[in-house]
Every structure is written in structure tokens, then in C-alpha cells.
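# Summary of structural features
Listed below are the residues making up each chain.
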Amino acid sequence: MSSSPPPEESTLGGSIRPAGARSSTRRGSPTSTHASALGSGFLGIGVAIIAALQSMLGIALFMSRAGDYPTLLPAVGAWLLLMVTFLGLTITISASGERLPDWLYFFFLAALAAVVWLDFVAIAPLDDVGRYATASISAGFVLLIIVTLRAQWEVLLATGALAIAFVIAILATTPLTPATLPAQIIVVALAVGPGLTGVLLVSGFERMLKRELDRVLVQSTVTAPRLAVGMLASEELARLDQDAEELLDAVATGRAALPLPADLSARASSLATELRLHLIEGRRETWLRHAVTESEHLGRRVAVSDPAALAGLLDSTQRDALLAALWLLASDPAASAPQRIIDVELGPLASPASEPAGSGDVTATIIPLVITVVGIKRNRVDPGVWEALDRVGRYSDSTANGRLCVDVDCAVENPVDATRPS
Amino acid sequence: MIERERKLLLQRAARAFGLCGVMLAGLCLSLPGVVDADVLPSVLILLIAQAAALVMVGRSSHLGWVVLTIVLGCGALALAQLPWGQGASLALPISLAPLGAAGLAGVGMVLSEGTGRWLVWAGGTLGSSLLVATAGPTGGLVSTPAIATLASWVIMLIIGTWVTVGVQRALRRIDGIGRAHLVERQASETEAQRRQGARLLHDTVLATLTLLAHSGVGVSADALRQQAEEDAALLRQLRLGSTPMPRFSGSYSLEPVAETPLGTTLESVKNRFGRMGLDVRWHGTGQVLLPSDVLDAFLLALTESLENVRRHAGVEQADVTITETQDSLRAVITDAGAGFTPGDVTDERLGVAESIVARLRDVGGSARVFSTPGAGTTVILEVPR
């Protein structure tokens, strides 16, 4: 009975991930979820609408100048190919659930390259690329459809290639005079513009949503009990228990000889130490520490020092406000700003004797909280920070040696177990 | 909070896009022969002022900067066409196109919300398109740069709207993920508490592991094997979802709820200390029913107290007297050992503060320690029933 192997873990693992399904069902932590799940797929539709709008204008422009072309065939071919590519890709993407396999991506790029080439062939005899290029510019806009589906550098690379193609075509065909130059400069800008703008906007959008997701996930610590174990510690404890079980099982069944060989006894020793640490220490961590360690955004900048686990005594409104203040303090307005470091220190509690005795039936304990921020000026602090701190408690701030120091007195009502038993 | 970030994203995109347009227009207009040489410096000054206004658009969400950008841009558009009516250069309209279609239209991204902003958008669209159109070589209002300007304003409005709606949609999704995460956190917390709550179990596992860490020297191999087997079985039960209680008989209680008999568990404590060289004598009540959390805290405090006796008292015997009243259960642990002056010994060394007092207080109980050097120690533990 006791020697039966423990197969539960493997069957459980197997049932979670079917053997056939690969990346489509696999998910990491919530923040690593593909961004299209968060709505940049929706952005893709907007991009398609813009591309369609621009293409219609391009066709109108082309038709108005059709008389100038010596042969219409390549230009018409370019437009037809562009429309087929555009429609085909849009339908494929929406049918296949917003993903673009490599072969389709290269096929798409090849089609766009053909469009650009056909357009250039058509307008080469006219000797003014800037004035007559139509389908090739629209190709730059249609390229944008993939901006939410492929890596940024791939889009930028394709955009760069388009710009280079334009420059070469201009140099090869168009005489450069002050009268023709503006049109050439603008046409190159038109080729590059959509790609750059698209990448800029989509990456900003995704970053913003990822950060918001991070914030929402961390927000769940606000309702945690005074001392919590945290998401990771729980798994870790389960793992330690499992390891101990395996070791004990090995001893019980005689697979491990007694007296125990050195490697196994070392393992028992380290397991005992880790287990002991987890059983004692896991309970000592407050929601604030969990919030900081679990958040990508806070974890990089915020350090918490709270030896007496006083953060756990704050009520959920105060926690929420403190988290919001730290969040705002940790977000840099500009990437070039100096590295910001935020220290949060709670305690020590003022001695109970200093409180006026018999002032009321509700005893409020004051928890001193000090937030020190390095690398920010007082006037650059977001006003929301002060608003939020106001909800945490009475605060006062000072600046010295380039660091901002905020003292907050958090009043906690009737903390049964705030003070140590005497 | 994300509202602010969304606005900031659009503001920065508008700034970047607009600045590119202004620079491009400045470059094109500076080419010889495009603009009248006398007018050019004033046009460039206006463009620089417009660029400054655009920088502020990127920083502040105030509508005034947008209006200023539009006014300055339109001024530059008009000024560049001076003197009116004279045959301007063919390159002029195309040079003005980036100013209208990007330098001015870029701010359209931040104008997608609210009636006031729509009006500004409409005004900007109309003004800049018309001004670009008047520069047209034909004198008519339909020219490619004018249409491009108009289209660009529309596209910028689409971008602004789309990002706004996209963020709202994503927010709903994130909200759902957040709720699921909250539930997951609570579940993991409960699970961890269940595991940590199984203290008695971990105590025996840790004791066995410690023996194994010394290769099991000094203990008979059979006894150790048996102990390891019992502990492994306990851990397995814990993993499978129950909270087992070690019992003296070798079979284990699987009742995860309500009440557990005390007597049998006391036996297992006695056996353990017996193996470690401390003889524990029980007096009093044998069978008491307690809620499982109270029982757990009570047993922990009891074993900690006995552990202190074993380590510090220097005797091989301890007495435990269990008495029960209507509403409480009391254990008195006495030894005739070394004793100590309570004030001299820190809480940490006794392990009293965290493990005994706090744990008992969690369930509404208390602990008191009486001792005099040379006259032994008495610990009184009390829990409610």
C-alpha cells in the first residue's frame, strides 16, 4: 500500500494539456498572454479600415491621371493585385483567428513587392515617381494589417525595404530639381509613415494594457488577510511536501539503504531546512510584499521594509490608496528620466504610552509609514499621488539631497494584534 | 488610471506624427523657389512655434494647446502663400501637404471625445483643407494635397476613436482576468493555509527528516523505516486533500471537519517525546472533543511547552494535567527542572511568542508561564471549548 507509486501528478498534468495541442492552448502567466487576446486584434480592424480608405483615394487619384500613362496595363495590374492581396489577407486573418503563419507572411510580402514593382514599371516613363506613385504607396498602408500580428522588427524591416525601393526608383528615374524634390521627399515619408506610426501606436497600446493587467492582478492583494502566503509560496510548499514524501517513501521501501548515504542525508537536511523556513516564514509576508514581488512594474523600483508586518493592518481602502500612490510614483513619464528608486518603510510603532488614555472607546493606533523616492522632483510628482496618500493617512513631505521623503501616519482602528503581547 | 495612459499615448502619437509633418514641411518649404524669399523666415518662425505647441500637446491634455497648434499651423499655411494671387510655384501645394496632413491633422488623434473636441476637429479639418486647397495651381478647390489633408484628418479621428474603444474592450477583458486571479489567489491561500495548518504532521515529518539528515545513525533501522512509512503516508493524504492527524495506533484520522477526539492525539505526543527521552505522564481527562483548529493550536502549544522542558529543564520527566470546565480546557505542564527567571529569558528563545501565544490567541486561548530558578517551571495553557 505504502509502496504504490504516486501517479497522480503525471495524470493531472496530462489532462491539462492534451498531447496533440501545442502552442495554441499553452499559456504562461496572465501577463505573458498574447496581446491579441487583449484587444490589439480589434486594432487590426481599424488598421484595415484606414488602409481601405487610403486605397480608395489612391485609386481615385490613379484614375484621374490615367490619361498620362503611356501604358496602363502594369498600373492596373498593380492595383488588381493589391486589392486581391488585401481582401485575401483580411479574410484569411479573420477566418484563422488572428494569426499569420510564416509562409503566408512571406507570400504576403512577395505580393506587395510585386505590386510596388508593377507600379514602378508603370510610372517609370513619366519621370516623376513622387507625383505618380499610387499603388506602391497604398502597399505601405496595406502592409499595416500585419502590425498587430507580427513582431515589430518584422514590420519595420518591411517598411524600411519599401522606403529603400522608393529611393532607388526616384534616383533612377526622376530628375531632382527644387520643383520636383518636395514631392519625392513626401512620397518617401508616405512610404515610411504608416509603418512607423503603426508600430509606435500598437506597441504603446500593448504596453499600456500589459501594465494595466499587471495592476489588476496585483490589486487582488488588497483583500488578502493580514499575513498571506502568496501565490508562489503555496506551490513551493506543495513541492517540498512532495519531495519529502518521495524521500520518506524511499526510506520506507528500502530503496535507500540505512544508514543513509551522504547525498540522501544532505538532501534530507536541506529539505528539512527549507520546509521549516517555509512553515515559519510564509506567514510573515504581508500583502504589500506580495504586491511588490508579483508585479513587474513595482518590483523593479519599489523596496519594502516592514519587519513587524504592519502593512497587513491597513484596511482595504488604505491598501488600495497606498498601492495606487506607489504605482503612480513608479511610473516614469519619460524613458530618459533617471532611475527611480522607491523605499517604503513601515514602523516601528510608537509606544502605546504616548497615546492619550481614555480618549474614546475606539483605540486607534498610528502606524508610521515613510516613503522615500530617489530620482524625482517634488513638482513632477503626479497630483494623484497626493490624493491617494490622503486616503492612506495624514502625510507631510520634505525634499533633501534630491530625494523626496513622505511621512504618512496611518491610523488603524482597534488592531487587536498590532502590539506584541507583553 | 488607464484612462490617463490612453490619453498620454494618443497625445504622444499626435506629437510625434505632428512634429514629423512640421519638419517635413519646413524642409520642403526651405527649398529655393518654393516660397517667396521675403516670407520664408516668418513662415519658419510660425512652424517653430507650432512645433513648440505640439510638444505641449504631448505633455498636457489641455485643449488649448491643440487649438494653438491649429491656429499657428493655419497661419503658416496662409503666410506661405503670400503674396496672394501671384502664380505660386508648382511645388508649393505639395510642400504644404505634410503641414496640413500631418503637422496639423496629427492632433486629430486627441480630438475623438466630446462635443467641444469634435468642433475643434471640424474647424481644423475645414481650415487646413481649405488653406491647402487655395495653394493649388489650378485655382479650383480640388487638389491632391487638399484631399490628402482631409483624408488624414479623418484617419486621425479613426485612430483616436479606435484606440479609445479598443482600450474599453480590453478593460472588460482584463477585469475578467483580474476576477479570476482573485479567486485563484484565495484558493491558493486556502491551500497554503491547509498545508501550513497541518503543523503536527509537519512536526513529525521534520523530526524524521532531521534523523535522516544524520543518516539515521543511532536509531534502529526498522524503527526509522516504520516512521518514514507513516510519515510518507501522512504526506500522501495531505496531498490528496485531507488534513490527517497523526494518531498513536498507526492509523490516521481523516476527518477534516468539526471535532476530533483529543485523547488519542495526546497519546501520539506522549509517544514522540518518549522516543526522544522525555517521559510524559498524563493526568486527567482522556477524551475531549474540540473544534479542529482549537485542537491544532492546543496541541502545538503543548508540544512546544514539552519541547522546552526537554531542552532546557534538564529532567527526564514532565507532568501534564488536563482539566476541563464547562467552557474551557486547561493543560498544566509542570517539571521539576532547572527553572528560570521569567524576565531574563527572551520570548524568542522560548519560542513562546509566535508559536504558543499567538497561535492560542488566534483561537481565543491563553498561555501563562511561572518559574523560579531551581524550582521547576509550570506552564498553563487554556483554550475555549
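Here, the structure is the one placed above.
Attention in this report is confined to the structure presented alongside it. (Residues numbered from 1 in each chain as written. Chains lettered and ligands numbered in written order. Predicted model: local features only at pLDDT ≥ 70, side-chain atom pairs only at ≥ 80, totals over all residues. Heavy atoms only, no water.)

In this assembly, 80 residues from chain B lie in contact with 87 residues from chain A. Carbon and sulfur atoms make up 71% of the area that chain B and chain A hide from each other, which totals about 7400 Å². For the pair chain B and chain A, the number of links is four salt bridges. Where E245 of chain A meets R236 of chain B, a salt bridge forms, and the shortest distance between an N and an O atom there is 3.2 Å. Taken together, the connections running from chain B to chain A amount to eight residue pairs in polar contact (both at pLDDT 80 or more). Looking at the side of chain B that touches chain A, the elements with two or more residues in it are α1 (2–30), α4 (91–104), α6 (144–197), α7 (199–213), α8 (221–239) and α12 (352–362) of chain B. For the side of chain B that touches chain A, the leading source of residues is α6 of chain B, giving 31 residues. Considering only residue class, the side of chain B that touches chain A consists of 47 nonpolar, 13 polar and 20 charged. (Contact = heavy atoms within 4.5 Å. Buried area = accessible area lost by both parts, 1.4 Å probe. Salt bridge = Lys/Arg side-chain N within 4 Å of Asp/Glu carboxyl O. Polar contact = N/O pair within 3.5 Å; in protein donor to acceptor, adjacent residues only side chain to side chain. Helix = DSSP H or I, 4+ residues; strand = E, 2+ residues; numbered from the N terminus. Nonpolar A, V, L, I, M, F, W, Y, C, P; charged D, E, K, R; others polar.)

This part is about the side chain of H290 of chain A. Checked against the element boundaries, H290 of chain A lands in helix α11 (residues 287–294). On the basis of relative accessibility, which here comes to 4%, the residue H290 of chain A falls in the buried class. Contacts of H290 of chain A, omitting those with residues within four sequence positions, involve T221, A228, V229, G230 and E285 of chain A together with R185 of chain B. (Buried < 20%, exposed > 50% of the residue type's maximum accessible area, 1.4 Å probe, protein only.)

A few words now on the sheet that holds strand β4 (residues 394–400) of chain A. Residues and elements named next belong to chain A. Across the sheet, which stays open at both edges, the five strands sit in the order β1-β2-β3-β5-β4 with mixed pairing between neighbours. The open sheet terminates on both sides in strands that have one partner only, identified here as β1 (302–305) and β4. Between one strand and the next, the sheet's axes are offset by a mean angle of 15°, whatever the strand orientation. Summarising the sheet, strand β2 (residues 341–346) and strand β3 (residues 364–374) pair through six bridges and their orientation is antiparallel. Opposite I341, over in β3, you have V374 as the bridge partner. Along the sheet, α11 makes contact with β1 and β2, crossing β1 at roughly 155°. Packing of helix α14 (residues 383–392) onto the sheet brings it into contact with β3, β4 and β5 (403–413), and relative to β5 it is tilted by some 30°. (Pairing = 2+ DSSP bridges. Axes fitted to C-alpha atoms, helices over the stretch in contact; angles between N-to-C directions.)

All names here are of chain A. Across its 22 residues, helix α7 (residues 152–173) extends 32 Å between first and last C-alpha, which sits within 8% of the 32 Å expected from 1.5 Å per residue. If you check which residues of α7 are buried, you get E154, V155, A158, T159, L162, A163, F166, A169 and I170. On the buried face of α7, the contacting elements are α4 (102–123), α5 (129–132), α6 (135–143) and α8 (181–219). (Expected span 1.5 Å × (residues − 1).)

Turning next to the environment of A91 of chain B. Inspection of the secondary structure puts A91 of chain B in helix α4. With 57 residues separating them along the chain, A91 of chain B and V34 of chain B place their C-alpha atoms 6.0 Å apart. Setting aside chain neighbours within four positions, we find A91 of chain B in contact with P178, A179 and P182 of chain A together with V34 of chain B.

A few words now on the pairing of β3 of chain A. In the sheet, β3 of chain A pairs with β5 of chain A via eleven bridges, with the strands oriented antiparallel. Across the sheet, the residue bridging to L369 of chain A is V408 of chain A, located in β5 of chain A.

What follows deals with the pattern of salt bridges. Considering all chains together, one arrives at 16 salt bridges over all chains under this definition. As a salt-bridge pair, R215 of chain A and E212 of chain A come within 3.2 Å of each other at their nearest N and O atoms. Placement of both R215 of chain A and E212 of chain A in helix α8 is noted, with a separation of three residues, approximately one turn of the helix. For R4 of chain B, the salt bridge is made with D382 of chain A, and the minimal N-O distance between the two is 2.4 Å. Here the residue R4 of chain B occupies a position in helix α1, and D382 of chain A occupies one in the loop between β3 and α14, the pair thus bridging two chains. Note on R4 of chain B: relative accessible area 45%, which makes it partly exposed. Each of E236, R239, D243 and E274 of chain A takes part in salt bridges that share partners, so that together they form one network.

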